[in-house]
Amino acid sequence: MKPSDTNLLTDQFGRVVNYIRLSITDRCDFRCTYCMSENMQFLPRDEVLSLEECARLVKVFVSLGVSKVRITGGEPLVRKNALWLFDEIGKLNGLNELVVTTNGSQLAKQAMALKKAGVRRINISIDSLNADKFKQITRTGNLEQVLAGLEASIHAGFRGIKINTVLMRGINDDETANLVQFAIDKKIDISFIEEMPLGVVDHARESTFVSNADTLSLLQSKYSLLPSTETTGGPARYWRVTDTSTKIGFISPHSHNFCESCNRVRITCKGELYLCLGQEDKIDLMPLLREHPIDDAPLIAAILNSMAIKPKGHDFDLRRAEPSIVRFMSHTGG
Ligand code: SAM
Ligand code: SF4
């Protein structure tokens, strides 16, 4: 996306921030093994931003030049009245793109309403097309329900639908080509995300890590792939599958240095503004929202000042015994 000329959010390295990812809940109806531990402790309700606070924050960011907003979580669509927030954000002038990342469990019921609210693109996480394997990975998920959600989204007519898949060696890496073929058959896109060391989970991540370089070679032996110049200013590199409408994305925080074109910041469901997914630099916006319920000036000043502490890049290392970042992806928002 082209940075807006009016964007006031420029960091110390000259990178323009025009994209926010907002986690609206840390809760989820699934417990994916790479994302959560079996017994997660979720935040008390009063420590989570209200939907009104979320709407106010997004409005302020858009007034500062942000043009793309992704709503994520936890599972954003299990939050009560989440659709109200999508409606509010969808009405904002200056916003080009409202998108959502979901596990798909609620889409059979909500896809049409999301489309009406102005959501243009939707990412649905599917790590396996085998119902038992899907259950094993998500611990509580139901593949049939997610596939019904995907069908409802296709039917609702989103401009872009993409599957997100985390491949794990010996668990679901044998499904790589099947998942791509599924995306081709459905005329949608698919991205492979390398597992990131976020939060303490119940397996050794290094033992299951699959590099996107290996996944790409495997797929090149089965499909004719053309590199695409498309970029989101993030860690994804895209390839087109020739003679199909499908693009394959590779989200490779380990294999590529994407940080120099980083255009995004993340806001957790607690109102923490993280300047980088892989670093601890943050500021707390919740006190400003609550101490100044009407006046946006202190909030705006803090957001503008935060640009000075956006780090140059992340520092992931799967070989460390400790996770690089102690917070879970479901807390920061994927
Ligand atoms: N619940 C929604 C979902 O699953 O799509 C949205 C939140 S989830 C945290 C967003 C994305 O992060 C999902 O595609 C998930 O597969 C990915 N994810 C979670 N933990 C991860 C990790 N440790 N490494 C890489 N990707 C991860
Ligand atoms: Fe929930 Fe998404 Fe994390 Fe899976 S990846 S546990 S669906 S937040």
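Peer 1: Which parts of the structure should I look at to understand the overall build of the protein?
Peer 2: Along its length, the protein carries eleven helices and twelve strands. Here the contacts in the protein between residues at least 6 apart in sequence split such that 73% fall between residues at least 24 apart. Within the structure as shown, the protein displays about 14500 Å² of accessible surface, and the carbon and sulfur contribution to it stands at 50%.

Peer 1: Any chance you could explain the layout of surface pockets here in plain terms?
Peer 2: Using a probe with the size of a water molecule, rolled over the atoms, empty space left in the structure can be pinpointed. The volume enclosed by the second largest pocket comes to roughly 300 Å³. Lining the second largest pocket are 17 residues; nearest its centre among them are I24, R45, V48, R79 and K80. Looking at the lining of the second largest pocket residue by residue, the classes come out as seven nonpolar, three polar and seven charged.

Peer 1: Looking at this model, I keep getting lost on the site of ligand 2. Mind explaining?
Peer 2: C28, F30, R31, C32, C35, M36, G74 and N103 make up every residue found near ligand 2. The residue inventory of the shell around ligand 2, partitioned by class, reads five nonpolar, two polar and one charged.

Peer 1: Which parts of the structure should I look at to understand unusual backbone geometry?
Peer 2: For residues other than glycine, phi is negative in most cases, and the peptide bonds are mostly trans. The backbone phi angle of K187 is positive, close to 60°, even though this residue is not glycine. Within the secondary structure, K187 is located in the loop between α6 (176–186) and β6 (189–193).

Peer 1: Even after reading the chapter, I still don't get the packing of aromatic side chains, so can you show me in this structure?
Peer 2: Here a ring pair, both rings aromatic, is described through the centre-centre distance and the interplanar angle of the planes. In this structure the tally under the stated criterion is two aromatic pairs. Ring centres 6.0 Å apart and planes at 90° place the aromatic pair F30 and F134 in the edge-to-face group. Here F134 lies in helix α4 (residues 131–138) and F30 lies in the loop between β1 (19–23) and α1 (51–63), a separation of 104 residues in the sequence. Given a relative accessible area of 2%, F134 falls into the buried group. The positively charged end of K68 is found above the aromatic ring belonging to Y19, 4.5 Å away from the centroid.

Peer 1: Would you take a moment to explain the side chain of E175 for this structure?
Peer 2: Along the chain, E175 turns up in the loop between β5 (160–166) and α6. No salt bridge is formed by the buried E175; the nearest opposite charge belongs to K133, separated by 4.1 Å. One polar contact links E175 to S128, side chain to side chain, over a distance of 2.6 Å.

Peer 1: Hey, could you run me through the sheet that holds strand β8 (residues 236–241) in this one?
Peer 2: Whenever strands of a sheet pair, they do so through backbone hydrogen bonds, lying parallel or antiparallel. In spatial order, the strands read β7-β8-β9-β6-β5-β4-β3-β2-β1-β10-β11-β12; together these twelve strands make up an open sheet with mixed pairing. Here the strands that pair on one side only, and so sit at the sheet edges, are β7 (225–227) and β12 (282–284). Adjacent strand axes in the sheet meet at a mean angle of 25°, parallel and antiparallel pairs treated alike. Pairing analysis gives four bridges linking β1 to strand β10 (residues 264–267), with the strands arranged parallel. In the sheet register, I20 faces β10, and the bridge partner there is V265. Those strands touched by helix α8 (residues 212–220) are β6, β7, β8 and β9 (247–251), and its axis lies near 160° from that of β9.

Cut-offs and rules
Residues numbered from 1 in each chain as written. Chains lettered and ligands numbered in written order. Predicted model: local features only at pLDDT ≥ 70, side-chain atom pairs only at ≥ 80, totals over all residues. Heavy atoms only, no water. Helix = DSSP H or I, 4+ residues; strand = E, 2+ residues; numbered from the N terminus. Contact = heavy atoms within 4.5 Å. Areas by Shrake-Rupley, 256 points an atom, 1.4 Å probe, with all protein chains shown as cover. 1 Å grid on protein atoms, 1.4 Å probe; cavity = no way out; pocket = protein on both sides within 12 Å on 5 of 7 lines; lining within 4 Å. Points joined across faces, edges and corners; volume = space filled by probe spheres on them. Nonpolar A, V, L, I, M, F, W, Y, C, P; charged D, E, K, R; others polar. Near = heavy atom within 4 Å. Phe/Tyr/Trp six-rings, centres within 6.5 Å; stacked < 30°, edge-to-face > 60°. Buried < 20%, exposed > 50% of the residue type's maximum accessible area, 1.4 Å probe, protein only. Lys NZ or Arg CZ within 6 Å of the ring centre and 35° of its normal. Lys, Arg positive; Asp, Glu negative; His and termini not counted. Salt bridge = Lys/Arg side-chain N within 4 Å of Asp/Glu carboxyl O. Polar contact = N/O pair within 3.5 Å; in protein donor to acceptor, adjacent residues only side chain to side chain. Pairing = 2+ DSSP bridges. Axes fitted to C-alpha atoms, helices over the stretch in contact; angles between N-to-C directions.

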